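Report on the structure
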Amino acid sequence: MMVPNLVLCLLVGVLFASGVYLLLARSIVRALMGLLLLGNGANILFLVASGPAGRAPIVGASDVTDMSDPLPQAMVLTAIVISLGMTAFVLALAHRSWQLSHHDVMEDDPEDYRITIKAERNDMSDSDFSQAEPRSEPTDFEGDPGSTG
Amino acid sequence: MNAPHDGLLSALVPLPVVLPLIGAGITIAVARRTHVQRVVTVTVLSAVLVVSGILLWAADTHGTQVVEVGGWAPPLGIVLVVDRLAALMLVVSSLVSLAVLLYSIGQGRSSFDDESDGEAPLPIFHPTMLVLSAGVSTTFISGDLFHIYVGFEMLLAASFVLLTLGGTPPRVRAGITYVIVSMLSSLVFLVAIALIYAATGTVNLAQLAGRLDELPDGTRLLLQIMLLLGFCIKAAVFPMSGWLPDSYPTAPAPVTAVFAGLLTKVGVYAIIRTQTLLFPDGRLTDVLLWASLLTMLVGILGAVAQDDIKRLLSFTLVSHIGYMTFGVALGSVAGFSSAVFYVAHHITIQTTLFLVAGLIERRGGSTSLKELGGLARSAPLLGVLFFIPAMNLAGIPPFSGFLGKVGLMEAGADAGTPLAYVLIAGSVVTSLLTLYAVSRVWGRAFWRVPPVPETTVTARVRTDALGAGVVAPTAALVVVGVAISVVAGPLFGITDRAASDLVARTPYIQSVYPGGAP
């Protein structure tokens, strides 16, 4: 039965908690930092999964029972390389977003925003069934023959 | 290794991954020669389609094809496993990718959007599409959980680039949401893999099937929830579906089409594979059924409220994911069979509709239902191309959408629980509301008198907006959609056999470990 290393487990917990906290921010860079912390937490989780630390897994160098499990380490390496590439992309994206808007903020979906405003005003002018005079948008052509579905 | 294995046939198994990756390398090397890029990409994707077709035939008649990558025996090495389910997914996905690629070539360099935001002929477009295709194939054929994760990352990295092509403000905004949600879902998946390895000491799917059975119930449930959570974000199942309609519509038409067809279905495929092979006890059936119901209803209500065709289609995409998870949640052979059939149908139809939306944008100068009108008179061919897949999506007989939905409802009635009947009612309502949503598009964009004078529209539209280069691939996909209805009998035969193999579990395990899993 494998006994996990308590320090590593606590470290995973701390990294996950900080990562989730940062991810909840609207700032792109903070969200990225959050994802990086979460990713490192996952990587350390793989170390926990590989069991107690042992000797280098090279055949002939030591007894097989003393070796640490190489498979999770290979997976961690893969995950690190992947997160490196992803981080580079998100940083480029954050930079582009900064160039465009000079804000490091994730913006709302404009269409969602428009619909929310309409819903708050109880504005039905978009609806297929509104026969009332269009209130907000003069380009609306309700009441046109054949306009309803 | 296995008795019916034909060495030549199983040699084809890695090709759907290897060919696109080689193609991606070549197309990057010749980045400045658009014509060479086009020839290479079309050749590669056609070859993948042919290989996938042969693999489907082989998997159906000769049994599951297995390859040990690099000659390393499992569980240390990675195995590639092509059973009927994987082969069918390969065929449909490569068909759709090829059609979308031809469409994007047909758009041509002088396409209207190109000048403003650098659309299809960017040198990076072809290599990225090929990497996406390789990633999708990897997830379908891999028999190793960590390898599936790598496949996901391949297709995600490619999709990030495709979604933000040109770096325009709307795409950057949508891209950030998409990238962060995708990275989070991959992370949940990665954590699930770490926990599974800690609990079982393996990531080989065939070996996991046996080892997970021996775990305590609580541990197994935790692992199942973690995996489902990661895949449900990717598949856009209801509580985790908000990112999809937010991010898809801003991308160029061919990109949205291939995303809509493939990316969410990769999530659905992963759900089907893990639920059948690793967690067959059906403990989350009720949760999945409720999630399916809400996905269907919330998705379609969102679609009804939209004013933009691309956004409306994105919401129907979310909604119809609910049908597939409905079949998966039932956990019966009939349920899985119908779900797999529905996946094949929906990949084709949803891609077609997004390509048609691209055509509408080219011809009508917009995808907003406020501005479009009179297309039935000014572009009758476009009307036909939209009408057939739209009716198919809504589930009008005799189309495949109807057949798939009937299959799901019959599977639900077989289950016979009250909740299953609620789901049946929900899927009927969703089907009717889908009909309402697409008929809104029809009524506004095609039938009504144009709200904007024709002259202003024609001023915005190029004369060859509906050239053969874009119409032919779209029409081909429409025909494929109709053909799925025509060959529905044999196709249901394949999905039935695939589903009974999935539920039995032993065919998959025995094809990897003929002597039983260690």
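All of the points below concern the structure found in this document.

Reading the values: rules and limits
Residues numbered from 1 in each chain as written. Chains lettered and ligands numbered in written order. Predicted model: local features only at pLDDT ≥ 70, side-chain atom pairs only at ≥ 80, totals over all residues. Heavy atoms only, no water. Contact = heavy atoms within 4.5 Å. Buried area = accessible area lost by both parts, 1.4 Å probe. Salt bridge = Lys/Arg side-chain N within 4 Å of Asp/Glu carboxyl O. Polar contact = N/O pair within 3.5 Å; in protein donor to acceptor, adjacent residues only side chain to side chain. Helix = DSSP H or I, 4+ residues; strand = E, 2+ residues; numbered from the N terminus. Nonpolar A, V, L, I, M, F, W, Y, C, P; charged D, E, K, R; others polar. Buried < 20%, exposed > 50% of the residue type's maximum accessible area, 1.4 Å probe, protein only. Axes fitted to C-alpha atoms, helices over the stretch in contact; angles between N-to-C directions. Parallel < 35°, antiparallel > 145°, perpendicular 65-115°, else oblique. Left-handed = near helix turned anticlockwise from the far one by under 90°. Phe/Tyr/Trp six-rings, centres within 6.5 Å; stacked < 30°, edge-to-face > 60°. Lys NZ or Arg CZ within 6 Å of the ring centre and 35° of its normal.

**A word on the interface of chain A and chain B**
Facing 50 residues of chain A, the contacting portion of chain B comprises 44 residues. Between chain A and chain B lies a buried interface of about 4000 Å² when both sides are counted; carbon and sulfur atoms form 71% of it. Sorting the residues of chain A by area buried against chain B places Leu35, Met86 and Leu93 of chain A first, and these three jointly supply 14% of that buried surface. Here Arg114 of chain A and Asp307 of chain B are joined by a salt bridge, their closest N and O atoms 3.6 Å apart. Across the contact surface, chain A and chain B share 2 residue pairs in polar contact (both at pLDDT 80 or more). Of all the secondary-structure elements, those providing two or more residues to the side of chain A that touches chain B are helix 1 (6-23), helix 2 (28-49), helix 3 (70-101) and helix 4 (110-121) of chain A. Of all the elements, helix 3 of chain A adds the most residues to the side of chain A that touches chain B, at 13 residues. Looking at side-chain class alone, the side of chain A that touches chain B contains 27 nonpolar, 9 polar and 14 charged residues.

**A word on the environment of Leu244 of chain B**
As for its placement among the helices and strands, Leu244 of chain B is situated in helix 11 (residues 243-247). Taking the C-alpha atoms as reference points, Leu244 of chain B and Thr264 of chain B, separated by 20 residues in sequence, lie 9.3 Å from one another.

**Some details on the pattern of salt bridges**
Counted according to the given criterion, the structure contains 14 salt bridges over all chains. Among the ionic pairs, Asp83 of chain B bridges to Arg273 of chain B, the shortest N-O distance being 2.9 Å. Taken together, the positions of Asp83 of chain B in the loop between strand 2 (79-82) and helix 4 (84-107) and Arg273 of chain B in helix 12 (residues 253-277) put the pair 190 residues apart, joining distant regions of the chain. On the accessibility criterion, Asp83 of chain B (9% relative accessible area) is buried. Note that Glu361 of chain B is salt-bridged to Lys310 of chain B, the shortest N-O span being 3.5 Å. Placement of the pair is Glu361 of chain B in helix 15 (residues 333-364) and Lys310 of chain B in helix 14 (residues 309-330), with a sequence separation of 51 residues. Relative accessible area serves as the criterion here: at 28%, Glu361 of chain B is assigned to the partly exposed category. Each of Arg114 of chain A together with Asp307, Lys370, Arg440 and Arg444 of chain B takes part in salt bridges that share partners, so that together they form one network.

**Considering the packing of helix 8 (residues 169-200) of chain B against helix 10 (residues 217-235) of chain B**
Helix packing for two helices is described by the angle between their axes and how far apart those axes are. Residue and element names in this part refer to chain B. With their axes 8 Å apart at the nearest point, helix 8 and helix 10 run at an angle of 160° to one another. By the angle class used here, helix 8 and helix 10 are roughly antiparallel. In this structure, helix 8 crosses over helix 10, and the sense of that crossing is left-handed. Here helix 8 contributes Val181, Ser182, Ser185, Ser186, Val188, Phe189, Val191, Ala192, Leu195, Ile196 and Ala199 to the contact with helix 10, which in turn contributes Thr219, Leu222, Leu223, Met226, Leu227, Leu229, Gly230, Phe231, Ile233 and Lys234. Across the contact of helix 8 with helix 10, the residue classes tally to 15 nonpolar, 5 polar and 1 charged.

**Considering the packing of aromatic side chains**
If you walk through the whole model with that rule in mind, you get 21 aromatic pairs over all chains. Where Tyr149 of chain B meets Phe189 of chain B, the ring centres are 6.0 Å apart and the plane angle is 70°; that geometry is what we call edge-to-face. Here Phe189 of chain B lies in helix 8 and Tyr149 of chain B lies in helix 7 (residues 145-163), a separation of 40 residues in the sequence. Overall, the relative accessible area of 0% leaves Phe189 of chain B in the buried class. Pairing Phe386 of chain B with Trp442 of chain B gives two aromatic rings, centres 6.5 Å apart and planes at 5°, and the pair type is stacked. Taken as a pair, Phe386 of chain B in helix 17 (residues 380-394) and Trp442 of chain B in helix 19 (residues 418-447) lie far apart in primary sequence, 56 residues in all. Residue Phe386 of chain B shares its accessibility class with Trp442 of chain B, and that shared class is buried. A connected cluster of aromatic rings, assembled from ring pairs, spans Phe46 of chain A together with Phe146, Tyr149, Phe152, Phe189 and Phe231 of chain B. Across the ring face of Tyr323 of chain B, the terminal group of Lys405 of chain B is positioned such that the distance to the ring centre comes to 5.1 Å.

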